[in-house]
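# Residue-level structure breakdown
Residues per chain, in single letters:
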Amino acid sequence: PARFVRWLLREGHGSPFEHNLLTFYFEVPVFISRQIVKYRHTSINEVSGRYSVLDTTFYVPDSQRPLVQYGKPGDYTFEDGGADLRFKSVGELKNVAIEASARYKYLLDSGVAREVARMCLPVNIYSQMVVSANLRSWLHFVAQRANEAPSHGQYEIAMVADQVGLYIQELFPNVWQEFVEGGYQRV
């Protein structure tokens with residue numbers, strides 16, 4: 001019941017939120033998969049470029065992604081950057097992706113081992129991963145990375161955390177309501 005959930009969260013009794021398992025399948029750029037891996041209370045399986053030929057699909061920021069950072073780490077803001085900067089950055093990222101994909105395929109076709117050929121791929125290549133964790137760990141992830149959370153994660157990881165939050169909200173509405181009303185406090 002909501003009253004009991006509220007009491008558990010308010011008093012910091014997190015262990016009752018550890019007796020369930022949520023598993024997500026993510027297709028995210030490598031630079032985002034590395035941020036997910038940082039959460040130590042998860043079980044992760046990620047497609048390996050050592051054993052599989054990687055699908056060379058790359059992430060390029062959408063028009064909503066701010067490009068310019070002002071301030072120092074931990075105390076900064078982002079701004080759009082304007083049409084000219086967006087055109088330049090998106091163009092360069094696409095050019096790098098096309099070139100890296102061509103070089104990767106060339107090395108594979110030349111007989112170079114997958115584990116060596118993958119070294120020419122940039123971190124904006126998409127990766128596929130299955131990640132399992134208990135509810136307490138996922139709430140911690142959302143508290144650290146979601147758009148509405150006080151810590152404001154990087155744009156791309158925030159989109160992932162927001163989707164995880166929607167799923168938690170659907171499965172555990174009482175927990176989610178108390179979590180959000182409590183200011184995204186870690187459990």
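For the structure, see preceding data.
Report follows, based on the coordinates. (Residues numbered from 1 in each chain as written. Predicted model: local features only at pLDDT ≥ 70, side-chain atom pairs only at ≥ 80, totals over all residues. Heavy atoms only, no water.)

## Quick look at the overall build of the protein chain
Of the regular secondary structure elements, the protein chain holds seven helices and five strands. Starting at the N terminus, the α and β elements of the protein chain follow one another as α-β-α-β-β-β-α-α-β-α-α-α. Along the first, second and third principal axes, the C-alpha set of the protein chain runs to 65 × 40 × 25 Å. The proportion of buried residues among the 187 residues of the protein chain is 37%. Put simply, of all contacts in the protein chain between residues at least 6 apart along the chain, 70% involve residues at least 24 apart. (Helix = DSSP H or I, 4+ residues; strand = E, 2+ residues; numbered from the N terminus. Buried < 20%, exposed > 50% of the residue type's maximum accessible area, 1.4 Å probe, protein only. Contact = heavy atoms within 4.5 Å.)

## Concerning the sheet that holds strand β2 (residues 43-46)
Overall, antiparallel pairing links the three strands, which are arranged β1-β5-β2 in an open sheet. Edge positions in the open sheet fall to β1 (22-29) and β2, since each of these has one partner strand only. Averaged over neighbouring strand pairs, the angle between their axes works out to 20° when direction is ignored. Pairing analysis gives eight bridges linking β1 to strand β5 (residues 126-133), with the strands arranged antiparallel. Bridge pairing in β5 places Phe24 opposite Val131. (Pairing = 2+ DSSP bridges. Axes fitted to C-alpha atoms, helices over the stretch in contact; angles between N-to-C directions.)

## Things to note about the environment of Ala117
Along the chain, Ala117 falls in helix α4 (residues 114-117). Residue classification places Ala117 among the buried positions, given a relative accessible area of 0%. Filtering out sequence-adjacent residues up to four positions away, Ala117 remains in contact with Tyr104, Leu107, Leu108 and Val112.

## Some thoughts on the packing of aromatic side chains
For any two aromatic rings, the description comes down to two numbers: the centre-to-centre distance and the angle of the planes. The final tally for this structure, using the stated rule, is 11 aromatic pairs. Between the aromatic rings of Trp138 and Phe141, the centroid separation amounts to 5.6 Å while the plane-to-plane angle is 85°, which identifies the pairing as edge-to-face. With Trp138 and Phe141 both in helix α5 (residues 135-145) and three residues apart, the pair spans about one turn of that helix. For the pair shown, Trp138 and Phe141 are each scored as buried. Aromatic pair Phe179 and Tyr184: ring centres 5.2 Å apart, planes at 65°, arrangement edge-to-face. We classify Phe179 as buried; its relative accessible area is 1%. Cluster of aromatic residues (ring-pair linked, three or more members): Phe24, Phe26, Trp138, Phe141 and Tyr167. The residue whose ring lies beneath Arg65 is Phe78, and the NZ or CZ to ring-centre distance is 5.6 Å. (Phe/Tyr/Trp six-rings, centres within 6.5 Å; stacked < 30°, edge-to-face > 60°. Lys NZ or Arg CZ within 6 Å of the ring centre and 35° of its normal.)

## Quick notes on the pairing of β5
With respect to burial, β5 is a largely interior element, six of its eight residues being buried. Across four bridges, β2 lies against β5 in antiparallel orientation. Paired with Glu46 across the bridge in β5 is Met129.

## Side note on the packing of α5 against helix α7 (residues 173-181)
Running from N to C, α5 and α7 point in directions that differ by 35°, and their axes come no closer than 12 Å. α5 and α7 meet at a crossing whose hand is right-handed. Between α5, through Leu135, Leu139, Val142 and Ala143, and α7, the contact on the second element is made entirely by Val175, Trp176 and Phe179. Here the contact of α5 with α7 is built from residues that sort into seven nonpolar, no polar and no charged. (Left-handed = near helix turned anticlockwise from the far one by under 90°. Nonpolar A, V, L, I, M, F, W, Y, C, P; charged D, E, K, R; others polar.)

## Comments concerning the pattern of salt bridges
Counting across every chain of the model gives seven salt bridges. Linking Asp84 and Lys88 is a salt bridge whose minimum nitrogen-to-oxygen distance equals 3.4 Å. Taken together, the residues span about one helical turn, with Asp84 and Lys88 both in helix α3 (residues 82-109) at a distance of four residues. Across the pair Arg103 and Glu99 runs a salt bridge whose closest N-O atoms are separated by 2.5 Å. Of the two residues, Arg103 and Glu99 both sit in helix α3, four residues apart, roughly one turn of that helix. (Salt bridge = Lys/Arg side-chain N within 4 Å of Asp/Glu carboxyl O.)

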